[in-house]
Amino acid sequence: MNIWEAILLTVITASTPLVIAALGELVTERSGVLNLGVEGMMIIGAVAAFVGAQLSGSPYVGILCGIAGGAVSSQLFAFLTLTLVANQVATGLALTLLGLGVSGMIGEGYVSVPGVRLPEIAIPVLSDVPVIGAVLFRQDLIFYLSIVLLLGVNWFLFRSRAGLKLRAIGDSHTSAHALGIHVIRTRYLAVMFGGACAGLAGAQLSLVYTPQWVENMSAGRGWITLALVVFASWRPWRVFAGGYLFGAVTILQLHAQALGLGIPSQYLSMLPYAATIVVLIIISHNRRTTMINTPASLGKAFVPER
Amino acid sequence: MKKFAFALAASAAAVIGFSSAAAAADKTKVCYVYVGSHTDGGYSQAHDLGRQQVQKEFADKVETSYLENVPEGPDAERAIERLARSGCSLIFSTSFGFMDATVKVAAKFPKVKFEHGTGYKTGPNLGTYNSRFYEGRYILGQIAAKTSKNHGAAYIASFPIPEVVMGINSFEQGARSIDPSFKLKVIWVNTWFDPGKEADAAKAMVDQGVDVITQHTDTTAPMQVAEARGIHAFGQASDMIAAGPHAQLTAIVDTWGNYYSKRVKALLDGTWKAEQTWDGLKEGVLTMAAYTNMPDDVKKMAEETEAKIKSGELHPFTGPINKQDGTPWLKAGEKADDATLLGMNFYVEGVDDKLPK
């Protein structure tokens, strides 16, 4: 394996959790719900996946537990904000705190237990193609799922009837309600999808990225995905590109340090954030299309008229 | 975010503190402040093991408690003050970043005794304690020089503070005592705790051909990468052999228990005084994990070096030593004094990095 293949593999591992969680949050926000609890759902997904894999011995059971952990915790948020109409920002923050605390408690007995690594699956024929074969087609299941998610979310939002309804709710829940669309039910599902994705991203952390459990191991990645969604102006492909750009710059700056280019490491550490923001702002600079893409009801409470 | 988490944790701890105060009014309270979680598998856990030793040893006289995940900075002051108010007789604040907060609270509560870990500011009721981690890192450097096939190693470093720079220099000194052409690459991740980023750094180093890595960050992620990629690594703060059964050569292990017991005993005897303690391998606050995955001659050399450092025969920073740019620092036979070490802001010769300012 040459160094470029090695770098690409590392970039993919670093970017995949960001992309998965951001795509989930994108669907949630497109329905008009702002869930700031991504970090909390992600860490619950990470601990659930780790414990599930330990108890069953299978990383695939771990993945299912991770998805379930994220989805279940998101429903707590959904109940509070959609049924009880609590403030979304405050509830989202509370979900993050709860997630960090609960995951620490669940995982207490699992610190420094050697993890179960998710195996790679080589796709026949394609995995023998030079360079890209080893990088793209000899990956773990979660990477393949992230690609399926990207295509699926894009198709759902912009090519399916259900996606059109979801976006309509995000733009004006009152009008959507008047048209007979189930606002609350759709939002419950959208929040659950976001939670499941955050949980899957967490599973990637504790089964692929660093197969182990330590408290706070998501280390702020949930917050990065929230920023990605906004700066990518709620477009799936941009979220994907932004996630990979962030991952790529993170890894390349480490290589740059090791090569000794003499750039102060603080600047290099800042670079992934700066580069991602600048690039996404440039591609989203058209105000009109950005306005169209921004869900107009984002974060607003909906109480149906009786 | 951490602020909220801390506020919740602090109020919860306060509630617990008050409820148990009545039950154990005759016991002396000894309290700890951790920057991470007590199960972080590294730095804070090492302190908590020390606390548990105290609790076990003085079970009938002492009640210990701790606040964890306390952020460094202004918030720490509130946490420490809360402990002081809740009746703690002796408070150990275990992280460098709690220094100014501890100084302030100590001035407000002259009857409470304080000890601050790895800092340098003291007061009439405030002592400091630290461990000579660099002694262990010198041994790591020697082992690395014997193990590496391409005359070099990589050092995954957190922040450019004197403690970290001192460790890098000591490692390089150890390596150069075996192999004068040894090159040490330093990679800064600007965090103490981010398993993903630490793993990324380790992977980047391995991809660039490094075959020995060492770390001054808190998680076992780099060790895990070393194990997966078939290279060697050193554990930090805790024995990380579980994460790298074939990769770990040894680890420098923080063992605070004996020091904590000694100080609590002094407190109970009424002989406690504010002191500045900087112990090392000899006093046992720093121990070496088993020397594994290396040939017998390397193991023998490491054990000899360890014995020499313990006996005082060997000081890792003994001249002649040049600074990185080649200018002389220590003359032949001259030993670095503690003040210079504690404020170290330059590299020694052979470190292949530009020190961030």
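Q: What is the right way to read the overall build of chain A from this model?
A: Of regular secondary structure, chain A possesses 13 helices and 2 strands. For 306 residues, the compact-globule estimate of 2.2 N^0.38 gives 19 Å, and the C-alpha radius of gyration of chain A, at 19 Å, lies within 12% of that figure. Along the first, second and third principal axes, the C-alpha atoms of chain A reach 65 × 45 × 45 Å. Taking all 306 residues of chain A together, 53% fall into the buried category. Of the accessible surface of chain A, which amounts to about 12800 Å², a share of 71% is contributed by carbon and sulfur atoms.

Q: Before we go on, may I ask you to explain the layout of surface pockets in this structure?
A: A probe matching the size of a water molecule, rolled over the atoms, marks out where space remains unfilled. Its boundaries defined by the atoms lining it, the second largest pocket holds a volume of some 640 Å³. What lines the second largest pocket is a set of 29 residues, and nearest its centre among them are L9, T13, R117 and E120 of chain A together with R229 of chain B. Every element with two or more residues in the lining of the second largest pocket is listed here: α1 (3-30), β2 (138-140) and α9 (183-209) of chain A together with α7 (195-207) and α8 (221-229) of chain B. Of the residues forming the lining of the second largest pocket, the biggest block, 7 residues, is contributed by α1 of chain A. Within the lining of the second largest pocket, the residues separate by chemical class into 14 nonpolar, 7 polar and 8 charged.

Q: Looking at this model, I keep getting lost on the domain arrangement of chain B. Mind explaining?
A: For interface size, the figure often reported is the accessible area lost on association. Residues and elements named next belong to chain B. By the assigned domains, chain B splits into domain 1 (2-131) and domain 2 (133-255 + 285-352). The straight-line distance from the C-alpha centre of domain 1 to that of domain 2 is 30 Å. Each side of the interface is counted separately: domain 1 has 7 residues, and domain 2 has 9 residues. Interface area, domain 1 with domain 2, both sides summed: about 890 Å², of which 54% is carbon and sulfur. On the domain 1 side of the contact with domain 2, Y43, A46 and S131 bury the most area, a combined 49% of that side's loss. Counting across the interface, domain 1 meets domain 2 through 1 residue pair in polar contact (both at pLDDT 80 or more). Counting residues per element, the ones that place at least two in the side of domain 1 that touches domain 2 are α2 (43-57) and β5 (126-131).

Q: Looking at this structure, how should I read unusual backbone geometry?
A: Trans is the common state for peptide bonds, and a negative phi is the common state for residues other than glycine. With an omega of 5°, the peptide bond between G319 of chain B and P320 of chain B qualifies as cis. Tracing the chain through its elements places P320 of chain B in the loop between α10 (296-311) and β13 (321-322). A positive phi angle, near 55°, is found at V85 of chain A, a position not held by glycine. Position of V85 of chain A relative to the elements: it lies in the loop between α3 (59-83) and α4 (88-106). A residue is classified by how much of its surface remains accessible, and V85 of chain A, at 31% relative accessible area, is partly exposed. Phi at S233 of chain A takes a positive value of approximately 45°, unusual for a residue other than glycine. Here S233 of chain A lies in the loop between α10 (221-231) and α11 (236-259). For S233 of chain A, a relative accessible area of 1% puts it in the buried group.

Q: Could you clarify how one ought to interpret the state of the cysteines in this entry?
A: Here a disulfide denotes a covalent bond joining the sulfur atom of one cysteine to the sulfur atom of another. Evaluation of the coordinates by the stated rule reveals 1 disulfide over all chains. One disulfide bridge connects C31 of chain B with C88 of chain B, the sulfur atoms lying 2.0 Å from each other. Judged by the sign of its S-S torsion, about -85°, the cystine formed by C31 of chain B and C88 of chain B is left-handed. In this pair, C31 of chain B is assigned in strand β1 (residues 28-33) and C88 of chain B in the loop between α3 (74-85) and β3 (90-93), connecting sequence segments 57 residues apart. For the pair shown, C31 of chain B and C88 of chain B are each scored as buried. Among the cysteines around C65 of chain A, which has no disulfide bond, C197 of chain A carries the closest sulfur, lying 17 Å off. Residue class for C197 of chain A comes out buried when judged on its relative accessible area of 4%.

Q: What's the story with the interface of chain B and chain A in this structure? I'm lost.
A: With 39 residues of chain B in contact, the opposing surface of chain A contributes 35 residues. Carbon and sulfur atoms make up 56% of the surface buried where chain B meets chain A, a total of about 3100 Å² over both sides. The tally of links between chain B and chain A comes to 1 salt bridge. Across the pair R221 of chain A and D194 of chain B runs a salt bridge, and its minimum N-O distance is 3.1 Å. In this assembly, chain B and chain A are joined by 11 residue pairs in polar contact (both at pLDDT 80 or more). Within the residue set of the side of chain B that touches chain A, elements represented by two or more residues are α1 (2-23), β7 (183-188), α7 and α8 of chain B. Considering each element in turn, the side of chain B that touches chain A owes the most residues, 10 residues, to α7 of chain B. A breakdown of the residues in the side of chain B that touches chain A according to their chemical character gives 19 nonpolar, 11 polar and 9 charged.

Q: Where do I start with helix α6 (residues 141-159) of chain A in this structure?
A: An α-helical segment advances 3.6 residues per turn. Residues three or four places apart therefore align on the same side. All names here are of chain A. For α6, spanning 19 residues, the distance from its first C-alpha to its last is 26 Å, which sits close to the expected 27 Å at 1.5 Å a residue. Of all the positions in α6, only I142, F143, Y144, S146, L149, L150, V153 and L157 are classed as buried. Sitting at the amino-terminal end of α6 is D140, which places a side-chain oxygen 3.1 Å from the backbone nitrogen of I142.

Definitions and limits used
- Counting starts from 1 at the beginning of each chain's written sequence and moves along it residue by residue.
- The naming scheme follows written order: chains are lettered A onward, ligands numbered 1 onward.
- In view of the model being predicted, local features appear only for residues whose pLDDT reaches at least 70, and side-chain atom pairs are presented and counted only at 80 or more, with totals across whole chains, interfaces and linings using the full set of residues.
- The side-chain values count all of the structure's non-hydrogen atoms but skip hydrogen atoms and water molecules.
- Counting from the N terminus, the helices are DSSP H or I runs at least four residues long and the strands are E runs at least two residues long.
- Each radius of gyration reported is based on C-alpha atoms, and the globular scaling rule is 2.2 Å times the count of residues to the power 0.38.
- Exposure classes here rest on a 1.4 Å probe applied to the protein chains alone. A residue is buried below 20% of its type maximum, exposed above 50%, and partly exposed in between.
- Note on areas: Shrake-Rupley with a 1.4 Å probe; residue coverage comes only from the protein chains shown.
- A pocket here means an open set of points on a 1 Å grid, computed over the protein atoms alone, that has protein on both sides within 12 Å along at least five of seven lines. A cavity is instead a set of points where a 1.4 Å probe fits but cannot get out; residues with an atom within 4 Å of a point line either one.
- Grid points are joined across faces, edges and corners, and a volume is the space filled by probe spheres set on the points.
- Three classes are used: nonpolar for Ala, Val, Leu, Ile, Met, Phe, Trp, Tyr, Cys and Pro, charged for Asp, Glu, Lys and Arg, and polar for all others, with Gly counted as polar.
- In this entry, domain limits derive from an automatic or database-based domain assignment.
- Note on contacts: a residue pair qualifies if any of its non-hydrogen atoms lie within 4.5 Å across the two residues.
- In this description, buried area is defined as the sum, over both parts, of the accessible area (probe of 1.4 Å) that is lost when the two are combined.
- Polar contacts, as counted here, are pairs of nitrogen or oxygen atoms within 3.5 Å of one another; within protein the pair requires one atom able to donate a hydrogen and one able to accept it, and residues that are adjacent in sequence qualify only if both atoms are side-chain atoms.
- Defined by distance alone, a disulfide is two cysteine sulfur atoms within 2.5 Å.
- Salt bridges are defined as contacts in which a side-chain nitrogen from Lys or Arg sits within 4 Å of a carboxyl oxygen from Asp or Glu.
- To estimate the expected span of a helix, count its residues, drop one, and scale the result by 1.5 Å.

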